[in-house]
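So you can see what is in the structure, the chains are spelled out below.
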Number of protein chains: 4
Amino acid sequence: MTDSQVPVVDWHERQPAGDWLRGSSAVVVLSVDVDAESPVLARGEHYLNHLTTMSHQAYGPRVGVPRILDLLDRYRLPATFFVPGVTAERWPSVMATVAERGHEVAMHGFTHRHPVHLSEAEQREEIERSLKCFARFGVEPVGYRAPNWEMTRHSLDLLGEFGLRYDSSLMDDDRPYVTLGSGRRIAELPVQWLLDDWEQYAFLPEPDIGQQIEAPSKVVELWTAELEAMRGFGSLCVLTLHPFLTGRPSRLRALEQFIQFALSRGDVRFARAEEIAALVLGDEQGSATGPA
Amino acid sequence: MTDSQVPVVDWHERQPAGDWLRGSSAVVVLSVDVDAESPVLARGEHYLNHLTTMSHQAYGPRVGVPRILDLLDRYRLPATFFVPGVTAERWPSVMATVAERGHEVAMHGFTHRHPVHLSEAEQREEIERSLKCFARFGVEPVGYRAPNWEMTRHSLDLLGEFGLRYDSSLMDDDRPYVTLGSGRRIAELPVQWLLDDWEQYAFLPEPDIGQQIEAPSKVVELWTAELEAMRGFGSLCVLTLHPFLTGRPSRLRALEQFIQFALSRGDVRFARAEEIAALVLGDEQGSATGPA
Amino acid sequence: MTDSQVPVVDWHERQPAGDWLRGSSAVVVLSVDVDAESPVLARGEHYLNHLTTMSHQAYGPRVGVPRILDLLDRYRLPATFFVPGVTAERWPSVMATVAERGHEVAMHGFTHRHPVHLSEAEQREEIERSLKCFARFGVEPVGYRAPNWEMTRHSLDLLGEFGLRYDSSLMDDDRPYVTLGSGRRIAELPVQWLLDDWEQYAFLPEPDIGQQIEAPSKVVELWTAELEAMRGFGSLCVLTLHPFLTGRPSRLRALEQFIQFALSRGDVRFARAEEIAALVLGDEQGSATGPA
Amino acid sequence: MTDSQVPVVDWHERQPAGDWLRGSSAVVVLSVDVDAESPVLARGEHYLNHLTTMSHQAYGPRVGVPRILDLLDRYRLPATFFVPGVTAERWPSVMATVAERGHEVAMHGFTHRHPVHLSEAEQREEIERSLKCFARFGVEPVGYRAPNWEMTRHSLDLLGEFGLRYDSSLMDDDRPYVTLGSGRRIAELPVQWLLDDWEQYAFLPEPDIGQQIEAPSKVVELWTAELEAMRGFGSLCVLTLHPFLTGRPSRLRALEQFIQFALSRGDVRFARAEEIAALVLGDEQGSATGPA
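Described in the following lines is the structure provided in the data block.

Calculation rules
Residues numbered from 1 in each chain as written. Chains lettered and ligands numbered in written order. Predicted model: local features only at pLDDT ≥ 70, side-chain atom pairs only at ≥ 80, totals over all residues. Heavy atoms only, no water. Least-squares fit on C-alpha atoms with pLDDT ≥ 70 in both. Contact = heavy atoms within 4.5 Å. Buried area = accessible area lost by both parts, 1.4 Å probe. Salt bridge = Lys/Arg side-chain N within 4 Å of Asp/Glu carboxyl O. Polar contact = N/O pair within 3.5 Å; in protein donor to acceptor, adjacent residues only side chain to side chain. Helix = DSSP H or I, 4+ residues; strand = E, 2+ residues; numbered from the N terminus. Nonpolar A, V, L, I, M, F, W, Y, C, P; charged D, E, K, R; others polar. Phe/Tyr/Trp six-rings, centres within 6.5 Å; stacked < 30°, edge-to-face > 60°. Buried < 20%, exposed > 50% of the residue type's maximum accessible area, 1.4 Å probe, protein only. Pairing = 2+ DSSP bridges.

### Some thoughts on the relation of the copies chain B and chain A
Mapping chain B onto chain A calls for a rotation angle of 90° and an axial translation of 0.0 Å; the resulting RMSD is 0.0 Å. Put plainly, the chains are arranged around a four-fold axis. When C-alpha distances to the rotation axis are compared across chain B, the minimum falls at Gln212(B), with a value of 6.1 Å. When the interface residues of chain B are mapped onto chain A, a mere 5% of them again lie at the interface, so each copy presents a different face.

Structural data, given as structure tokens:
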């Protein structure tokens, strides 16, 4: 590697965000990735015959999603559900129910294949198929999250091209900012591994999606400690939940404890991702808008 | 992957279950997988010469099983022992003692090879050899659990064909349900990784069966938190124990603490798997029946 | 695998042990494996040039061993040091000091290569070189522990042939027993992964010897919970310590807490491995004897 | 491996150190490795297009470094920042700010490739490029830390040849000592894996830099237990922090708790690495000197 091979320039543009905190010390976005069988089928269709693996993933839409919706109802909290196209097609009731219960539905790829491993044409196809699939459910998504959070420069440009208003896949801040895709302003609502349930709970031998199972009490501690400290920095706390993991009884209780902790602070707001995106982009009315 | 390659249809049929809760808030099935050396020999017969690995596994039938039986006696609790054919042949006293002490013996494959890696003929041979082996001990099993819980569609059909009444390998619920195998009704008693001792305790370099050793106190917390939360959902808590792991002194104490916690609730029942299966299938007398 | 390929017979003989408990509820053997650079060099001599890896291992004899000896002195406790030949040659002062301070020195292979990966001739050479090397220090070992605890049937026979009195590598009990090697009686003092510091503390990227670092408090809990429960079974608690790991300040403190816990019970005895072996074998005077 | 292949001689020379404790019970060096994108780019330039991975690393210089600097200011503590050349070129403001705020800047390779995998010529080039790059910022480094701490014998010699005064990459003690590089005296300030944040917090799938995320409370316990025990041995506690990891809110709080603990002892001193090096080498005035 010679000097010229190390670009000094930044690799993605950033611009400051509008006032999205609005007096809160921190804001929580509860984001639910309804992966279901999609990450497994993305690794090979032969898993269709692996009933245990299929059933492990199906627990999400079948049992986890209804329980998470009930918990959100109990606390009257809004959430954003990122739904791969494959999940929407396999579990059409999920799409209907989530929207009916007043939550946002956003894009999460069609097949849950990771953009970094796709050609530009494949990335485009993923978005087109997702939009077409969502349209059949009457859903016009304004936001996107890359499967496994693995974006390329081209992914951002596609979001701009298709008129998406926000992405939630990058990690270079814990406060939202404005970036550009195909020259259009896109709100970035950054995520991070420590606010994800996957790294704490995922265990499955075939395919290997994780190898350890932590106690829910550890996860409550991890997440409440982060939120508590984020209150000192005015951060956006994007929590990422997977119904096939967090939908288990003791983990739902852990999520509830996190929610109770956040509410007990008095200065933490909950919001849908699209609401934060609208504020970040400075949309006049502070509410979300559909794709251009 | 085109649209037509993603099947929208469900991949295994489900029907509602009979009243198996019977007024309890949750039911615990203590299931003991007496793997002994079988999972190791399934990976290669050369392990016969690896005395440390062989002895690590032999601890199960030699020391772990008697201690677990004593613990069950002390609390007068019923349990279900899933025994691979290889274990039954290598440790005949285990089969005799477990049945004598009033527990259920059920099938767990013959060689502990995972069904997803076997041909249909090999899967059939595994069941036939198990039934033949069990018959020599006078045992007529009514239930089955796939080695490593790794079932295929064909596995379910074989259970129906051989007249088995229940399976305990799938993960798409935490309440039992009725599924079909070769057109016959089969009770599914679902399991999950977090209620298994393997993921918490298993460590062995050759073959690699796990790489970390958690404290028993963490395991008590994991299991009691799950059972406590299951009481709110009317769940079936199928705990899976391996004598070569849970048979160690401090882990037996952890199991005892879980049992004491369950008993202290007052509304949690313990049952053999076959009893739950009979209730789920709506057998008149609510008791288990043998294979058709 | 056909029936005939699954041997029903046991794979190593066992006979009952003499009275080694002698009224204690449990006995602790503190065993110290002074591996130093040997496990690393066994994977490739090119590690000689990897100063960080070499220094990570050298911490053991350089800093860890003297500190462990001081701790043992403070509590007037006996211990057994298993020393690979390579360590004895590279760190001659360790051999001298350990013996001088009244502890047992036993064999741990010459190069720390695992017996399961060696030919019979190589296994023999490992023992002959170790005995020759020990002889130069005036040490006549009576016991052996296989590197990584990975024994073969042939390993046991070699111990019998060379007149060793005990082995400490197998895992099928937590009470000592008598086995046979070349027809001679050998005491087995069984070990287990959960009473080893390696699985809790070892981290090194090249070569990969482990990938996680647990808090000493977890290790204290793991070991004291096991010893406490062992008191109910009359077990032998063989603790295995590696000076390059346990020699770190906070881990020495964890070892001290374990020792204090054991002493506080009032019915737990500490002993050298050779003393337990002599009692197990029923040697008249209950003390260790040299090789025949 | 024959006898002659196992060198009895030591693999790096050591000499005793000057009085660096100066009456303290232990000394803490807060060392900050500002890796940013360098370890990722060292594994392949294609990661330039992996926006999530790039952003995960960029969190360090963008958000983590300013927060760590603020924390140090609040407690008026000195620190040493090890900065790869690639980071200095990509994030020039980091170099400027760190020096301005009164901290030491030291070398950490140019590309963050591990010395053990480089030829001698490549190792030399890494140092020459680093020195040239640092010179453009007016920084004359006196110390070095190998990327991933993976030194060779040649690395030490190069430090001597280029007049560096100290290294901080080896692990065979927890007290500093004097070693030789190209015949010149070099202070070694030893590190260890358990006092590093990487092993506790690092998680990233592509490239795989770690696979688990521990709670900050565990890390506080790990580090304070080690420092507390080090006070009994007169040790140098070299804490290693990565801004892309420790820069997260709850982990900054963990670092602050460690600092508060150290300060509460009353007999623990904080120092820059160069100050300890000068005392170790016995420089008359006890302060750092530039390269010869």
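### Regarding the arrangement of the chains
These two, chain A and chain C, are apart from each other, with no contact and a minimum C-alpha gap of 12 Å. No part of chain B reaches chain D; the closest C-alpha pair between them is 12 Å apart.

### Regarding the interface of chain D and chain A
On the side of chain A, 44 residues touch chain D, which itself brings 37 residues to the contact. Around 3600 Å² of area is buried between chain D and chain A when both sides are counted, 56% of it from carbon and sulfur atoms. On the chain D side of the interface with chain A, the three residues burying the most area are Leu51(D), Arg62(D) and Ile213(D), jointly 17% of the side's total. Counting across the interface, chain D meets chain A through 3 salt bridges. Here chain D and chain A share 17 residue pairs in polar contact (both at pLDDT 80 or more) between them. Those elements that place two or more of their residues in the side of chain D that touches chain A are helix 2 (51-75), helix 3 (85-90), strand 8 (203-204), helix 8 (216-230) and helix 10 (249-265) of chain D. At 10 residues, the largest contribution of residues to the side of chain D that touches chain A is made by helix 2 of chain D. A breakdown of the residues in the side of chain D that touches chain A according to their chemical character gives 17 nonpolar, 9 polar and 11 charged.

### Notes on the relation of the copies chain D and chain A
It takes a turn of 90° to lay chain D on chain A, together with a shift of 0.0 Å along the axis; the resulting RMSD is 0.0 Å. Of all interface residues in chain D, a mere 5% are interface residues in chain A too; the two copies therefore contact each other through different surfaces.

### So, the environment of Leu21(D)
All names here are of chain D. For Leu21, the position within the fold is in the segment before strand 1 (26-33). Through-space distance from the C-alpha of Leu21 to that of Gly64 is 31 Å; in sequence the pair is 43 residues apart. The residues touching Leu21, leaving out its near neighbours within four places in the chain, are Ala26, Val27, Gly234 and Arg269.

### Some details on the packing of aromatic side chains
In the structure shown here, the tally under the stated rule is 16 aromatic pairs over all chains. An angle of 50° between the planes, with centres 5.0 Å apart, marks the rings of Trp149(C) and Trp193(C) as tilted. Taken together, the residues Trp149(C) in the loop between strand 4 (143-144) and helix 6 (153-161) and Trp193(C) in the loop between strand 7 (184-188) and helix 7 (198-201) connect sequence positions 44 residues apart. Residue classification places Trp149(C) among the buried positions, given a relative accessible area of 3%. Residue classification places Trp193(C) among the buried positions, given a relative accessible area of 6%. Taken together, a centroid distance of 6.2 Å and an interplanar angle of 85° make the contact between Trp223(D) and Phe258(D) edge-to-face.

### A closer look at the side chain of Ser155(A)
All names here are of chain A. As for its placement among the helices and strands, Ser155 is situated in helix 6 (residues 153-161). On the accessibility criterion, Ser155 (3% relative accessible area) is buried. Contact partners of Ser155, with chain neighbours within four places excluded, come to Pro115 and Gln123.

### Side note on the pairing of strand 1 (residues 26-33) of chain C
Residues and elements named next belong to chain C. Extensive coverage of strand 1 is indicated by the burial of 8 of its 8 residues. Residue alternation in strand 1 divides its side chains into two sets, Ala26, Val28, Leu30 and Val32 and Val27, Val29, Ser31 and Asp33, and both sets are buried. Alignment of strand 1 against strand 10 (residues 236-241), held across 6 bridges, turns out to be parallel. Bridge pairing links Val29 to Val238 in strand 10. Where strand 1 meets strand 2 (residues 80-83), 3 bridges bridge the pair, whose relative direction is parallel. Each bridged residue has a counterpart across the sheet, and for Val32 the counterpart in strand 2 is Phe81.

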